[in-house]
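Survey of secondary and tertiary structure
Given next are the chains, with one letter for each unit.
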Amino acid sequence: VGQYAGEYIRGLHDHGVAGTAKHFPGHGDTETDSHSSLATVPSDSARLWSLELLPFQAAIDAGIEAVMVGHLQSPDYQTHAGTPATMSKFWIEDVLRKRMDFQGVVITDAMRMGGIAENFSPDYALINAINAGVDLIIQAQGVRTSIDVVERAVNNGIISERRIDEAALRVLLLKERLGLHRNRFNDYQLTRSQLGRSEYRESAGRIAAESITMVRNRGSLVPLKYTAKEDTLIVIDLYDYPYNHRLSTVTRGIINSGLPAKPFQLDASDSPATYQAILDTVPDGARVLVNAFVGIAMRKDRIFLPEEQEEFLHELMGKTARVIMVSLGTPYLVQALPELPAYLCAYNSTYTMQSAAASALLGYTAISGRLPVSIPGICELGAGLESPVDSLVLADTSAMLIYTLCGDGPDRVTIEVPDSLYLPTVLRRTMPYEVEADISSIPGLLQAAVADSAWPGGVLLGIKDGQIFIHEAFGYHTYAKNEPDARGDIFDLASITKVVATTSAIMKLYDCGKLKLDDQITKFMPEFRGPTREQTRLKSSITIRNLITHTAGLPPFKAFYQMEGSVSARLDSIYQTALDTIPGVATVYSDIGIIILGKLVERLSGMTLAAFVDSNIFQPLGMTSTYFNPPAQRMKRIVPTEYSIDEQQFVRGHVHDENAYSLGGIAGHAGLFSTAADLAIFAQMMMNKGAYRDSVVFLPNTVNLFTRRANVVAGSSRCLGWDSPEGEASSGVYASSNSYGHTGFTGTSLWIDPDNEIIVILLTNAVHPERSWKHPKYYDWRQRIHSAVYESLPDQVRNPELELKQRWAQHNRDRANN
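For the structure given in this document, a descriptive report is provided here.

Analysis parameters
- Residues numbered from 1 in each chain as written.
- Predicted model: local features only at pLDDT ≥ 70, side-chain atom pairs only at ≥ 80, totals over all residues.
- Heavy atoms only, no water.
- Core = buried A, V, L, I, M, F, W, Y, C linked by side-chain atoms within 4.5 Å.
- Buried < 20%, exposed > 50% of the residue type's maximum accessible area, 1.4 Å probe, protein only.
- Helix = DSSP H or I, 4+ residues; strand = E, 2+ residues; numbered from the N terminus.
- Contact = heavy atoms within 4.5 Å.
- Patch = residues over 30% accessible without salt bridge, like charges linked within 9 Å, V, L, I, M, F, W, Y side chains within 5 Å.
- Areas by Shrake-Rupley, 256 points an atom, 1.4 Å probe, with all protein chains shown as cover.
- Salt bridge = Lys/Arg side-chain N within 4 Å of Asp/Glu carboxyl O.
- Axes fitted to C-alpha atoms, helices over the stretch in contact; angles between N-to-C directions.
- Parallel < 35°, antiparallel > 145°, perpendicular 65-115°, else oblique.
- Left-handed = near helix turned anticlockwise from the far one by under 90°.
- Nonpolar A, V, L, I, M, F, W, Y, C, P; charged D, E, K, R; others polar.
- Pairing = 2+ DSSP bridges.
- Expected span 1.5 Å × (residues − 1).
- Polar contact = N/O pair within 3.5 Å; in protein donor to acceptor, adjacent residues only side chain to side chain.
- Arc of directions from axis to C-beta.

Let's shift gears to the nonpolar core. Counting residues in hydrophobic clusters, the biggest one holds 86 residues, and the most contacted among them are I596 and M686. Considering every element that reaches this core, the biggest residue donor is helix α23 (residues 676-687), with nine residues. Sequence-distant contacts of M686, that is, excluding residues within four places in its chain, are made with M507, F698, V703, T707, W722, Y740 and I752. Membership of the second largest hydrophobic core comes to 42 residues, among which are I9, A21, A132 and I159.

Encoded structure:
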């Protein structure tokens, strides 16, 4: 790619044209179209520098004038996961400018694309792109408004004048290099004399003919030959977009050759009945040519044919083994159709290329093209058969393809929910002033907490009305101050696992009718019994509602991890734990009960708890950095917790909780890792009563049921799984009484306030370097920071039912006295 780019750039320079290399740092190996959402590039450093970034370096060395940064991220490599390269100083300044020595113009991709517009407000995106080092911005509309935003930001000191001057100078230097300061007009007559010349058309035709590539030709189906009068060729023009029934140039060429042919056209707007009618028309064993028009286009999010068209082709090949496909777009279609006997690549659908394809099929021109890419599982870069010589046969690798049918549990239930029930708010990062927030005091409070050893560092995220107005990292991974915290850091959530994973799994099973809250646990898990007959009798009355509200009578904790033996033996001991009290009479916060609920989820779903919540909750929501037992390649982003005497190092990359670790890292009470950004998506889904973007995770009534006080025991603040604020609440003193949330032992907290439409997430590693450091500073500062987020917003009123920690109450008294 770099070699081709260098030649292309040389050609541009020869004719006074400036070039742009895009999309930095690489949009090749991404599963997402950045027109739709933020795309992710693999984060392996060696791969990035040897593959993704290499052609950009070649273009820079060849003198490219501009580089377009894409709406892309490489979460485990860059400084802040979740930040597009468009707004990343790391990518623009550290990598592109300093390491790759590019001094030309940095230009954005269109700022209206989904990768930006779906995640950031226009003001936030514009300001942060400029501050990251962008010189030229593609702003398709609202240009006057955008200029006003930039001017206000400069006047308010958010953007420096120096940054504006630097960008303007780069653009002016580029114009000077092109001679636009001397003459900015083109010679219209010269343009007319140069465009459309016959020698250019001849060159284009030759290039098209030489590029036609034959990947497979079983049975020597190509070139097409007239064999018998009755052997009519069925020609199907297959368009992957709607409302197109044109006769293609390829088909016209076949018909004009005199070859007996019967043409059909199919597109994405056709009904199943139309597909079936054509299938019924095709005789068994017939020769069929399929001209597939599948282009790469914005907002498509796929590179293959639509599912119904793929199914049509599979059925077609069930009727005949004499099918030829020509792909007039993406070369990868054969991956989804490995049984294709003959397959040619023409790469695009221009008139010139279609004419070349027809000539190649008919044998008028030789086929000699070579694949410029590898087609995984089919053939490698540079492969290609020649025609009309048919002695070369490409190795058939289709038998090596393995298809794995993956399910997400037996008897999966799909619930139809009317669209009218949901108008989900989707998160966007905004400038604080867009929600009238003044966050100027918060950084000082966060640093004061670090200085006071409440925690070595962390990430704070605040949301108002679906707008993320603060998302800041502060401090370091450890008190050694070697690794600064970043917004995309992954934290051990500890007991937040109880609500985000286990309670959510119970909610999902409840929605699907797999359980009722008053079902007795022994109905599903007869091994849940006591060490005595009386204990077994009492435990037989315990319901799901008891476990999820911590009213089962189980003790808070036992050191099961100290037991010798297998995980199975350890679980038996958990199931047989003796009760401390009679079920239903007292609220005692218990890890043991939630561990049992996690195993109940596995029993009912036929999956591990991790697999169940990943497939039913995290994946549909797009929570890409949330998991049990995080993968090793995420290690750089995982924040260490406590020093382990046994391991002789800080715990990093596996769960801190000893019981969860002894159970393989997947447990109902602990083990989940996540980022503030992922938790924000989950919390907004809960605020939306179960919906986010196009996913309906829970029914609204289920969200309402699980997030209000359960009142199993009078006076308890417990909801179903969740907690609600009371007393010296960790939520701060402004959270409404209808708020719900949870905290984690490692130093994490999540609170959702539906009355005020405020969400606050604070992730720290307060157990570092060891857990005794938490008392009392962590608890004091946690309440203070949550309160400060509310205080940054206008018109917030203290909840009279909530109390300040003694430290802050005394602080207020001292201030009043002074």
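The subject of this paragraph is a nonpolar patch on the surface. On the surface, Y643, I645 and F650 cluster together into a nonpolar patch covering about 300 Å² of accessible area. Along the chain, F650 turns up in strand β18 (residues 649-650). Of the residues examined, F650 reaches a relative accessible area of 32% and is grouped as partly exposed.

Further remarks concern the packing of helix α11 (residues 249-256) against helix α14 (residues 351-362). The N-to-C vectors of α11 and α14 enclose an angle of 40 degrees; their axes lie 8 Å apart at closest approach. In terms of axis orientation, α11 runs oblique to α14. Considering the relative orientation of α11 and α14, their crossing is right-handed. Judged by residue contacts, T249, V250, G253 and I254 of α11 engage Y351, Q354, S355, A357, A358, L361 and L362 from α14. Among the residues making up the contact of α11 with α14, the classes are represented as seven nonpolar, four polar and no charged.

Our focus in this paragraph is the sheet that holds strand β14 (residues 467-475). In sheet architecture, strand pairing relies on hydrogen bonds along the backbone and comes in two forms, parallel and antiparallel. Pairing within the open sheet is mixed, and its six strands lie in the order β12-β14-β13-β24-β23-β22. A single partner strand is all that each edge strand has here, and the edge strands are β12 (428-429) and β22 (740-744). The pairing of β22 with strand β23 (residues 748-753) spans five bridges and is classified as antiparallel. Counted as the bridge partner of G741 is W751 from β23. Against the sheet, helix α15 (residues 442-451) contacts β13 (457-464) and β14, and its axis sits at roughly 30 degrees relative to β14.

Turning to helix α20 (residues 591-605), a few remarks are in order. For an α-helix, the turn length of 3.6 residues means that residues three or four places apart are oriented alike. The terminal C-alpha atoms of α20 lie 21 Å apart, and with 15 residues this matches the ideal 21 Å at 1.5 Å per residue to within 8%. Most of α20 sits out of view: 13 of its 15 residues are buried. Measuring from the side-chain oxygen of the N-cap residue of α20 to the backbone nitrogen of I592 gives 3.1 Å; that N-cap residue is S590.

Most of β23 sits inside the fold, with six of its six residues counted as buried. Burial of β23 is two-sided: the residues T748, L750 and I752 facing one way and the residues S749, W751 and D753 facing the other way are all buried. Two successive antiparallel strands, β22 and β23, enclose a turn made up of three residues, where G747 displays a positive phi of approximately 120 degrees. Bridge count for β23 against strand β24 (residues 758-764) is six bridges, and the pairing is antiparallel. Within the sheet, the bridge partner assigned to D753 lies in β24 and is I758.

Here we take up helix α7 (residues 143-155). Compared with the 18 Å implied by 1.5 Å per residue over 13 residues, the 18 Å span of α7 between its first and last C-alpha is a close match. The set of residues buried in α7 consists of S146, V149, V150 and A153. For α7, the arc enclosing every buried residue in end-on projection is 95 degrees, short of the 170-degree limit, so these residues lie on one face. Turned more than 90 degrees from where α7 packs its buried face, R144, I147 and N155 sit exposed. Contacts made by the buried residues of α7 are with α6 (122-132) and α8 (161-177). Just beyond α7, the residue with positive phi is G157, at close to 80 degrees.

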